[in-house]
Amino acid sequence: MLEECLRNVRQKHPLIHCITNYVTVNDVANVLLAAGGSPIMADAVEEAAEITAVCSGLVINIGTLNAATIPAMYAAGKKAAELRHPIVLDPVGAGASALRTKTALDLMAQIPFSVIRGNISEIKTLASTAAGVNAGGTQGVDAALSDAVTEDNLHEAAAFIAEFARCHHCIAAVTGRIDIVSDGAVCYAVTNGRAEMSRITGTGCQLSALTAAFIAANPDNQLEAVLTAVCMMGLCGELAFERLGAQAGNASYRTAIIDTIYALGEQALSGGARYALL
Amino acid sequence: MLEECLRNVRQKHPLIHCITNYVTVNDVANVLLAAGGSPIMADAVEEAAEITAVCSGLVINIGTLNAATIPAMYAAGKKAAELRHPIVLDPVGAGASALRTKTALDLMAQIPFSVIRGNISEIKTLASTAAGVNAGGTQGVDAALSDAVTEDNLHEAAAFIAEFARCHHCIAAVTGRIDIVSDGAVCYAVTNGRAEMSRITGTGCQLSALTAAFIAANPDNQLEAVLTAVCMMGLCGELAFERLGAQAGNASYRTAIIDTIYALGEQALSGGARYALL
Amino acid sequence: MLEECLRNVRQKHPLIHCITNYVTVNDVANVLLAAGGSPIMADAVEEAAEITAVCSGLVINIGTLNAATIPAMYAAGKKAAELRHPIVLDPVGAGASALRTKTALDLMAQIPFSVIRGNISEIKTLASTAAGVNAGGTQGVDAALSDAVTEDNLHEAAAFIAEFARCHHCIAAVTGRIDIVSDGAVCYAVTNGRAEMSRITGTGCQLSALTAAFIAANPDNQLEAVLTAVCMMGLCGELAFERLGAQAGNASYRTAIIDTIYALGEQALSGGARYALL
């Protein structure tokens, strides 16, 4: 299943419209190319809908949103919805400012996201603010330690994330030490990945873009497509780490992860993926 | 000739004003530094003309254009024209949206570009839209396969590109598997480069900036300067590929290309360049 | 002292709000993560003050300033001042345009910067323009050769920089072949670093962000914190250069410097730092 999802990305080369932050945008473009997709970045409202129309998927990442790019998010999102393209939301820093929280929630109210991918604090913020209280412990763009999904709270966290997915009619992909992927009915826990990935800026942004490519190339297996993207990012984080030299740091690691995504074989993916149905 | 063009870049350190997309901007800056030039990025209309005035060349790349940066393109372009600085246009994604196509054509109508460098689909779009029909097959920011310049259609493609250059009073540099460089009278085909370069975001943007540096440092040999930049980018793509390790992917390749540009000797350039007069 | 300053960054993980240019922003984020800090980029005026409030330091870098981001600089700067957070100004390209010079000076008039870090031409521009004449020889974003701090003019340059620090009630960190760090009373010269670092875009931007992290983590030893950041950046430039392969260029060097910052031990820092009280 994972093999087929990856094969479809490499065969179909999905073109993904990215409205994404300028911090990690280059890595987002290169990771899409590494996986077999193709990126186009466009955040001017004058062209957002038109660009989306020639693509097969859209990712909206609110990392460095501003008054000029927010209208482009709506224009692209509405056009993508009209064309039934898959749409991924990455609510970077929801909870860190009212602008981010409000923009994410407003987008969610108006655009039928296929996937919402964030860290647990961002998702808690969105869930609780929508419900009228703010329980997320977002610290800048990182999750709060106190929010972390662990073995101890795994089933509780999974139930919360499944409820979030049901409530927002989407697939929720919540990443951290343990990743949870749920469409509201089924719930997977993924244990691929390494803690050191959080010392590289943008691995989350990269995963959100990958997710859009995987779902665009696998429209009939959306949950599996998201699961595959999540496993692949984590697994490539592991494999890349193993081959780092003694003097490597986060900059080499960043390069190695994208390289690993470029080269990963289908069987290496299915053999290395660690996920379980909850 | 190629050796002298490169030597001039390294001796004169041309300062290049880049109004360029935020996706590949860091690589554009580093490739200019690698070649021996110097970059300055400035896209606020309030300073665009003034920045251009202290530089010796300008590159306008419409990759992530928006309502705020388009006026800066005009301001810088008009000042550069007034000062007779070389100006390069990279019409990234022309054909992918009306905003991009129209902006590129409007810029071409008002600014005397020294060089227009794009892929074949972008150039076909500009040529045909200017003539009232749209024949370009742009797919996002990549050329359509059906547009590709090959051995079979080489002379037809070269004639088209030379006509484009004559019509727009510029040097056209159209890159792909075979690159064509023409000032309307003379036409070169360049066969340096590797297909894998298209799996890295921004090699085209990098070449456009390099072209500006080469032409700024070689004002009396503009066609040769452009030819040298095109050969150098492709050759460095070849040399960098040869020394990649077994586990390398597009991220390492990106680093290796810029490194190779940094270190390329003049004789290695003239020895490795593969171009022919058509 | 240097060891303790670094240890505090790694133990406290200061979250730094960066309003910075889009050219080098990814390296700025990764260098903060490498050192032990954490970055958040936000340049929309609607959220700038709120983001600053959840951080422990702010860096304002005017590298690609525009009409939308300048108000965010004021909003963040004023909130940071109110909260007594350390604030670093990097006046990239001051002297290259009136917009940059004026914005830097206006910011300095309204915001109590803890540190101003720039090259000598930028600082001369700010000092002389504030005094009604323009003596800085800024060339794009690089210092003019004629402005360089050398062994011959070291004491004269140090006196000028100390006077600048006194006049603007800040710590001045002026980097070049010899770096000068002064709070107006005490003055250090730092000779770490390599000339090749200027062939990488953004090492200055990276240092400004590092400086914010070091001062945020060492509020009671601000001058030492800045000195430590300056020594560390230069030393890592030296150590990274030593382990570059024969075919490396500026792109590999960029990666190696961030890697070295990631891995640098406290004793390696104190052992390798080269600074002297003037």
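Presented here is an overview of the structure given in this document. Everything numeric in this text was worked out from a predicted model, so none of it was measured.

**Some details on the sheet that holds strand β5 (residues 115-119) of chain A**
Residue and element names in this part refer to chain A.
Turning to step 1, where the next piece is worked out: Read across the open sheet, the 9 strands follow the order β2-β1-β3-β4-β5-β6-β7-β8-β9; overall the sheet is mixed. Each of the sheet's edge strands pairs with one partner strand only, and the pair in question is β2 (38-41) and β9 (275-277). Recorded for the sheet is a direction-independent mean angle of 20° between the axes of neighbouring strands.
Turning to step 2, where the next piece is worked out: By the bridge criterion, 4 bridges tie strand β7 (residues 179-182) to strand β8 (residues 187-190) in an arrangement that is antiparallel. Considered in β8, the bridge of serine 182 is made with cysteine 187.
Turning to step 3, where the next piece is worked out: Where helix α9 (residues 222-242) meets the sheet, its contacts fall on β5, β6 (171-175), β7, β8 and β9, and the angle it forms with β7 comes to roughly 170°.

**Here's the deal with the interface of chain C and chain B**
Turning to step 1, where the next piece is worked out: Chain C puts 30 residues into the contact, and the matching count from chain B is 28 residues.
Turning to step 2, where the next piece is worked out: Of the roughly 2400 Å² buried where chain C meets chain B, counting both sides, 51% is carbon and sulfur surface.
Turning to step 3, where the next piece is worked out: Three residues stand out in chain C for area buried against chain B, namely Tyr22(C), Arg199(C) and Asn250(C), and they jointly supply 26% of the buried area on that side.
Turning to step 4, where the next piece is worked out: On the surface where chain C and chain B come into contact, there are 1 salt bridge.
Turning to step 5, where the next piece is worked out: When the shortest N-O distance is used, the salt bridge between Arg100(C) and Glu47(B) registers 2.8 Å.
Turning to step 6, where the next piece is worked out: Between the two partners, chain C and chain B, sit 15 residue pairs in polar contact (both at pLDDT 80 or more).
Turning to step 7, where the next piece is worked out: Tallying contributions element by element places helix α10 (residues 250-263) of chain C first for the side of chain C that touches chain B, with 4 residues.
Turning to step 8, where the next piece is worked out: Broken down by class, the residue content of the side of chain C that touches chain B amounts to 11 nonpolar, 13 polar and 6 charged.

**Structural notes on the relation of the copies chain C and chain B**
Between the two copies of the chain lies a relationship made up of a rotation around an axis and a movement along it.
Turning to step 1, where the next piece is worked out: Between chain C and chain B, which share one sequence, the superposing operator has a rotation angle of 120° and an axial displacement of 0.0 Å; the RMSD is 0.0 Å. This pairing of chains is accounted for by a three-fold axis. Minimal C-alpha separation from the rotation axis in chain C is found for Tyr22(C), amounting to 3.7 Å.
Turning to step 2, where the next piece is worked out: Different-surface contact between copies: only 7% of interface residues of chain C are shared with the interface of chain B.

**A short note on the environment of Thr52(A)**
All names here are of chain A.
Turning to step 1, where the next piece is worked out: Locating threonine 52 in the fold gives a position in helix α3 (residues 45-53).
Turning to step 2, where the next piece is worked out: Threonine 52 sits in the buried class, given a relative accessible area of 1%.
Turning to step 3, where the next piece is worked out: Along the sequence, threonine 52 and alanine 263 sit 211 residues apart, while their C-alpha atoms lie 28 Å from each other.
Turning to step 4, where the next piece is worked out: Setting aside residues no more than four positions away along its own chain, threonine 52 makes contact with His17, Leu58, Ala76, Lys79, Ala80 and His85.
Turning to step 5, where the next piece is worked out: Polar contacts involving the side chain of threonine 52 include one to the side chain of histidine 17, which spans 2.6 Å.

**Focus on the pattern of salt bridges**
Turning to step 1, where the next piece is worked out: Under the definition given, this model contains 33 salt bridges over all chains.
Turning to step 2, where the next piece is worked out: Among the salt bridges present, the one from Asp90(B) reaches Arg117(B), with a minimum N-O distance of 3.1 Å. Here Asp90(B) is found in strand β4 (residues 87-90), whereas its partner Arg117(B) is found in strand β5 (residues 115-119), with 27 residues between them in sequence. Across the pair, Arg117(B) and Asp90(B) agree in class, each one buried.
Turning to step 3, where the next piece is worked out: Across the pair Lys102(C) and Asp106(C) runs a salt bridge, and its minimum N-O distance is 2.5 Å.

**Considering the relation of the copies chain A and chain B**
Turning to step 1, where the next piece is worked out: Least-squares fitting of chain A to chain B yields an RMSD of 0.0 Å, with the superposition described by an axial translation of 0.0 Å and a rotation of 120°.
Turning to step 2, where the next piece is worked out: A low fraction, 7%, of the interface residues of chain A reappear at the interface in chain B, so the copies pair through non-equivalent surfaces.

**A short note on the packing of helix α2 (residues 25-35) of chain B against helix α8 (residues 203-217) of chain B**
Residues and elements named next belong to chain B.
Turning to step 1, where the next piece is worked out: It is the contact of α2 with α8, at a shortest axis distance of 9 Å, that shows an interaxial angle of 40°. Of the possible angle classes, the one that applies to α2 and α8 is oblique. When the axes of α2 and α8 are compared, the crossing they make is right-handed. For the pair formed by α2 and α8, the contact residues are Asp27, Val28, Val31, Leu32 and Ala35 on the first element and Cys205, Gln206, Ala209, Leu210 and Ala213 on the second.

**Thoughts on the packing of helix α10 (residues 250-263) of chain B against α10(C)**
Turning to step 1, where the next piece is worked out: The interhelical angle for the contact between α10(B) and α10(C), taken along N-to-C directions, is 125°, at an axis separation of 6 Å. Put simply, α10(B) runs oblique to α10(C). Contact residues: α10(B) offers Arg254(B), Thr255(B), Ile258(B), Asp259(B) and Tyr262(B), while α10(C) offers Asn250(C), Ala251(C), Ser252(C) and Arg254(C).
Turning to step 2, where the next piece is worked out: Class assignment for the residues of the contact of α10(B) with α10(C) results in 3 nonpolar, 3 polar and 3 charged.

Procedures and definitions
- Residues numbered from 1 in each chain as written.
- Chains lettered and ligands numbered in written order.
- Predicted model: local features only at pLDDT ≥ 70, side-chain atom pairs only at ≥ 80, totals over all residues.
- Heavy atoms only, no water.
- Pairing = 2+ DSSP bridges.
- Helix = DSSP H or I, 4+ residues; strand = E, 2+ residues; numbered from the N terminus.
- Axes fitted to C-alpha atoms, helices over the stretch in contact; angles between N-to-C directions.
- Contact = heavy atoms within 4.5 Å.
- Buried area = accessible area lost by both parts, 1.4 Å probe.
- Salt bridge = Lys/Arg side-chain N within 4 Å of Asp/Glu carboxyl O.
- Polar contact = N/O pair within 3.5 Å; in protein donor to acceptor, adjacent residues only side chain to side chain.
- Nonpolar A, V, L, I, M, F, W, Y, C, P; charged D, E, K, R; others polar.
- Least-squares fit on C-alpha atoms with pLDDT ≥ 70 in both.
- Buried < 20%, exposed > 50% of the residue type's maximum accessible area, 1.4 Å probe, protein only.
- Parallel < 35°, antiparallel > 145°, perpendicular 65-115°, else oblique.
- Left-handed = near helix turned anticlockwise from the far one by under 90°.

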